[in-house]
Amino acid sequence: MPTSARKTYEITVEDVEYIRHGDTPLLTRLFTPRGTGPFPLIVELHGGAWNLGDRLMDVAINEPLAKSGVVVAALDFRMPPVASYPASLADINYATRWLKTKATSFGSRPDLVGALGSSSGAHQAILAAMRPHDSRYAALPLPAGAPTVDASLRCVVLCWPVIDPLARYHYAKQVIASGKPYPELLGMVVPLHDKYWGTEAAMAEGNPVLALERGERVALPPVLYIQGTEDQAHPRPDLDRFVSHYRKAGGQVDLALYEGEAEGFAIRRPAASASVQAIEKIIDFVHKQLQP
């Protein structure tokens, strides 16, 4: 059903603690449609080069998605200096399982769960989806007595992902070495990569593109990949390699490129025509992939 013909729901927005590390709670902001489900449920992961931002960043996407009839759970997760890779993946894996155990109370079902992320959050979304049973990512146990569920995802929406962290790291270093002027954002890339990853070996290990090139056995849920053609923070060759390898491995990728748009366009300028089109595409994809 196209977005224009879809019912619009009133939504409830609330913050819920999903896990606590020591004395520090981690919250999910839940956008819940008011109506009779079951609704799809999307685990949403913010960007910020794995170091910055929070669950409030992507409301420009999360709110219209929820109003279309989707439960959206926007997560906070551990970041440096609190913890580096793979701590955030452990939080995301746990949250996915926790949300499945609570899905019916939110008007969804545990078999209707996908993920969406922007930039570094999109990297984590696809890495979590490809490796739902990785013992490091699944290391946090659910509370005693919780139903047995896994962190598998039915679909993933990637908004301008850092799809190859190692290649992006090398790209940023090369651009900076060539001298100014260069985008201010790229000046932040190298130190933020270092804080989260620590080593280039880690960037290669936690890497969706290289995992496919290595022939890892991974899950391959359907993907919607959104990016602007003028995005200087997420190199186009990395996108092309991922799409090629994912499809070759048997996965589905719907690629949506927006001419003349830069990084983060849909959340920075949500009223712009390209942003409206991208958000409509996200809504249509989620409802198609997560039909009850």
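The structure presented is a predicted model; accordingly, all values stated were derived computationally and were not measured. (Residues numbered from 1 in each chain as written. Predicted model: local features only at pLDDT ≥ 70, side-chain atom pairs only at ≥ 80, totals over all residues. Heavy atoms only, no water.)

S.K.: Break down the sheet that holds strand β1 (residues 11-21) for me, with residues and values.
M.R.: Reading across the sheet, the eight strands line up as β1-β2-β4-β3-β5-β6-β7-β8 and stay open at both edges, with mixed pairing between neighbours. Edge positions in the open sheet fall to β1 and β8 (253-258), since each of these has one partner strand only. Averaged over all neighbouring strand pairs, the angle between strand axes comes to 20°, with direction disregarded. (Pairing = 2+ DSSP bridges. Helix = DSSP H or I, 4+ residues; strand = E, 2+ residues; numbered from the N terminus. Axes fitted to C-alpha atoms, helices over the stretch in contact; angles between N-to-C directions.)

S.K.: Before we move on, could you go through the pairing of strand β7 (residues 223-228) and cite the residues and values that matter?
M.R.: Counting buried residues along β7, six of its six residues qualify, which places the element largely inside the surrounding structure. Of the two faces of β7, the one holding Val223, Tyr225 and Gln227 and the one holding Leu224, Ile226 and Gly228 are both buried throughout. Pairing analysis gives four bridges linking strand β6 (residues 156-159) to β7, with the strands arranged parallel. Bridged to Leu158 within β7 is Tyr225. Of the pairings in the sheet, the one linking β7 to β8 comprises six bridges and is parallel in character. Note on β8: the bridge partner recorded for Val223 is Val253. Viewed along the sheet, the connection from β7 through helix α8 (residues 236-248) into β8 turns out right-handed. (Buried < 20%, exposed > 50% of the residue type's maximum accessible area, 1.4 Å probe, protein only. Right-handed = clockwise from strand over helix to strand, strands pointing away.)

S.K.: Describe the packing of aromatic side chains, listing the residues and the values that go with them.
M.R.: For the structure shown, the criterion picks out 13 aromatic pairs. Measuring from ring centre to ring centre gives 5.5 Å for Trp50 and Trp197, while their planes differ by 80°; the resulting arrangement is edge-to-face. Here the residue Trp50 occupies a position in the loop between β3 (41-45) and α1 (59-67), and Trp197 occupies one in helix α5 (residues 184-197), the gap between them amounting to 147 residues. Like Trp50, the residue Trp197 is buried in the burial classification. Aromatic rings pair up to connect Trp50, Tyr85, Tyr137, Tyr196 and Trp197 into one cluster. (Phe/Tyr/Trp six-rings, centres within 6.5 Å; stacked < 30°, edge-to-face > 60°.)

S.K.: Give me the lowdown on the packing of α1 against helix α10 (residues 273-289), citing residues and values where you can.
M.R.: Contact pair α1 / α10: the axes reach a minimum separation of 10 Å and the direction vectors enclose 45°. Classed by the angle they form, the pair α1 and α10 counts as oblique. Every pair of crossing elements has a handedness; the one defined by α1 and α10 is right-handed. Contact residues: Ala60, Ile61, Pro64 and Leu65 in α1; Ile279, Ile282, Ile283 and Val286 in α10. When grouped by side-chain class, the residues that make up the contact of α1 with α10 number eight nonpolar, no polar and no charged. (Parallel < 35°, antiparallel > 145°, perpendicular 65-115°, else oblique. Left-handed = near helix turned anticlockwise from the far one by under 90°. Contact = heavy atoms within 4.5 Å. Nonpolar A, V, L, I, M, F, W, Y, C, P; charged D, E, K, R; others polar.)

Geometry only, nothing functional implied.
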